[in-house]
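Listed below are the residues making up each chain.
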Amino acid sequence: PNFGASLHILKVEIGGDAQSTDGTEPSHMHYENDENYFRGYEWWLMKEAKKRNPNIKLIGLPWAFPGWIGKGENWPYDYPDVTAYYIVSWILGAKQYHDLDIDYIGIWNERAFSSKYIKLLRYTLDKRGLEQVRIIASDRLWEPISFVLLIDSELHGVVDVIGAHYPGTKTVQNAILTGKKLWSSEDYSTFNDEVGAGCWARILNQNYVNGNMTSTIAWNLVASYYEELPFGRCALMTAQEPWSGHYKVEAPIWITAHTTQFAQPGWSYLQVDGHLEGGGSFVALTDGLGNLTIIIETMTHNHSQCIRPPLPNFSVTPQRATFYLKGSFFMVETLQVWHSRLGFESGNSSLFQRLHPVKVWRGRFSLDLDVDEVYTLTTLKTGHKCIYPQPPPPHPFPSNYKDDFNIRNPPFSEAPNFADQTGVFEYFINASDPGDHVFTLRQVVVQRPITWVSDADQTISVIGNFQWVNFTVTCDIYIEKQRDGGVFIAGRVDNGGIYVRRTKGVFFWVFADGTYRVTRDLAGEEILMKGLSGVRDNAWHTLTLNIQGNSASGLLNGYPLWENVTVSKPSNGWAALGTRSFEFAQFDNFHVE
């Protein structure tokens with residue numbers, strides 16, 4: 001609080017072992033008889049948030065579910081009691097293992113809802129002593145959830161918040177008629193330059209002014225994923241080089257502070273019109289104890305377009321605005337002033353600067369407003385623009401990178417810098433191994449999940465520098481699935497995230513039946529070379545893939561297996577490893593150069 005973005009709410013994914021835009025997040029229950037509340041990074045993230053702001057609100061929402069929940073069907077509502085048990089287990093695990101209280105729980109991100117399931121979820125929460133956990137639905141559009149709430153009084157009784165995604169600052173009559181809190185429960189998703197900051201400034205105000213929404217949640221918090229994945233840098237700030245430690249505090253951080261440093265959950269919006277005559281908007285908030293905060297934005301159309309939905313034309317001109325304070329605010333004499341100007345023409349923005357206080361005379365004051373500005377006027381004196389040390393300089397992913405996965409008590413369940421795009425790759429301890437491969441990386445999803453997008457039929461984790469052209473990948477591999485099991489290593493891998501099914505590159509496969517293949521695609525359909533390798537399951541082998549210019553070659557256990565295979569497109573991309581299907585397999589001594 002009162003440092004930078006000073007966020008009020010943190011929404012996390014309840015990992016479902018499946019692709020959720022830029023990668024997969026592990027589930028707390030890969031299998032029916034499996035529970036583990038230490039996978040992935042979301043537990044860590046929530047605890048770090050609570051360390052900084054103990055009052056931050058927490059929301060959990062699933063994008064996908066492990067396959068066992070659907071008993072083979074790609075649908076989470078056939079066995080609603082199983083799904084409710086699974087979600088409530090996550091909430092209980094958050095408390096038991098991390099002392100985290102989840103405040104809100106969602107249904108299924110941007111997919112169908114089931115009234116029967118929502119009611120069962122409420123019943124299950126109450127039965128487990130979680131009456132204080134509120135339900136938000138349906139993280140999609142205003143309809144049909146609003147209409148269904150109006151005709152189903154039982155459902156109306158269990159849903160606390162209607163959450164819509166990318167509402168374009170508008171709501172619908174049915175949503176207002178429900179009397180529920182209205183939230184933009186996912187918004188922004190825009191490249192974090194000055195236009196992204198303009199988008200964020202505009203919707204933070206206008207979601208309330210036009211749409212009565214009292215919460216706006218940005219996807220996403222921080223861009224800590226390879227920039228060439230979908231929606232690169234669509235975050236409030238950027239930290240996409242864990243190997244260098246470089247990060248960048250982008251303009252949207254300071255736009256956030258204009259609102260978050262001067263109001264808190266529990267404050268109320270005053271029901272003022274909120275539209276400025278010359279274009280732009282303002283909101284006013286109070287804590288009910290005499291404090292007042294006014295936030296003004298004058299973003300122009302071309303400097304505030306969000307990624308979605310399309311923005312109708314409007315005009316904003318420089319203007320003088322006069323504000324009148326009445327009732328209990330008539331006695332206010334001065335207001336603190338914080339100001340940002342997004343500099344599009346000049347190229348240099350002024351962000352979150354403290355200006356001289358404004359004198360209020362007999363309940364009125366005037367301001368000269370230019371375009372593309374944000375003002376906060378407030379009775380609070382706690383605003384603060386933090387000072388932080390210069391981040392380490394940026395540098396590309398190391399051109400010579402090794403990981404032997406030899407770590408007894410890893411801080412996370414997954415190895416650094418590997419970005420799982422289908423399947424989940426975890427540190428594994430091979431208790432029965434004689435010594436060379438006790439600590440490995442293992443693919444652990446063995447049944448296709450209930451997916452959110454079209455995950456691949458193969459599993460894959462990418463790593464490295466997307467600009468790489470000529471490189472050598474070496475890895476020890478261990479096929480666990482008999483007969484039709486298989487694994488690959490790859491280079492020049494060109495896709496991931498929601499587009500993972502169409503991934504191309506140079507893929508070197510070996511199979512449990514003793515054959516090998518070289519393909520141009522993850523799907524394994526564009527075959528460049530094939531033959532016999534002698535590889536078998538449940539034994540360790542070393543694969544090497546060498547790509548130079550238009551030629552690729554492969555080694556098995558240090559001996560040439562195939563060479564001079566012509567490769568053209570794609571011309572660059574990541575290194576990767578993975579499996580032929582949702583199957584157990586292990587990897588060790590990974591090296592890319």
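Residues numbered from 1 in each chain as written. Predicted model: local features only at pLDDT ≥ 70, side-chain atom pairs only at ≥ 80, totals over all residues. Heavy atoms only, no water.

1. What to know about the overall build of the protein chain
Next, step 1: Secondary structure assignment for the protein chain yields 8 helices and 33 strands.
Next, step 2: A globule of 593 residues ought to have a C-alpha radius of gyration of about 25 Å, and the protein chain, at 27 Å, matches this closely.
Next, step 3: Judged by the C-alpha coordinates and their principal axes, the protein chain covers about 90 × 55 × 40 Å.
Next, step 4: Per-residue burial for the protein chain yields a buried fraction of 60% across its 593 residues.
Next, step 5: In the protein chain, the proportion of contacts linking residues at least 24 apart, taken out of those at least 6 apart, comes to 69%.
Next, step 6: Here the protein chain contributes 49 positively and 63 negatively charged side chains, and the mean placements of these two sets differ by 5 Å. (Helix = DSSP H or I, 4+ residues; strand = E, 2+ residues; numbered from the N terminus. Rg over C-alpha atoms; globule rule 2.2 N^0.38 Å. Buried < 20%, exposed > 50% of the residue type's maximum accessible area, 1.4 Å probe, protein only. Contact = heavy atoms within 4.5 Å. Lys, Arg positive; Asp, Glu negative; His and termini not counted. Charge placed at Lys NZ, Arg CZ, Asp CG, Glu CD.)

2. Structural notes on the domain arrangement of the protein chain
Next, step 1: By domain assignment, the protein chain separates into domain 1 (193-206 + 220-393) and domain 2 (401-592).
Next, step 2: Taken over C-alpha atoms, the centre of domain 1 sits 46 Å from the centre of domain 2.
Next, step 3: Counting the surface lost from both domain 1 and domain 2, the interface buries some 730 Å², and carbon and sulfur atoms represent 68% of this.
Next, step 4: Scanning the region where domain 1 abuts domain 2 turns up 0 salt bridges.
Next, step 5: Our enumeration of links across domain 1 and domain 2 arrives at 3 residue pairs in polar contact (both at pLDDT 80 or more). (Domains from an automatic or database assignment. Buried area = accessible area lost by both parts, 1.4 Å probe. Salt bridge = Lys/Arg side-chain N within 4 Å of Asp/Glu carboxyl O. Polar contact = N/O pair within 3.5 Å; in protein donor to acceptor, adjacent residues only side chain to side chain.)

3. Some words on the UniProt feature "domain: Glycosyl hydrolase family 59 central" (unreviewed entry) in the protein chain
Next, step 1: In this structure's numbering, the residues bearing the UniProt feature "domain: Glycosyl hydrolase family 59 central" (unreviewed entry) are residues 269-384.
Next, step 2: Secondary structure over residues 269-384 splits into 0% helix and 42% strand, and the C-alpha atoms at its two ends are 22 Å apart. (UniProt positions renumbered as here; feature names shortened; annotations may be inferred.)

4. Here we look at the environment of P391
Next, step 1: Along the chain, P391 turns up in the loop between β18 (373-378) and β19 (401-403).
Next, step 2: Classification of P391 by relative accessible area gives buried; the value is 15%.
Next, step 3: Once the C-alpha coordinates of P391 and E25 are considered, the two residues, 366 residues apart in sequence, prove to be 28 Å apart.
Next, step 4: Apart from residues lying up to four places away in sequence, P391 is in contact with H246 and Y247.

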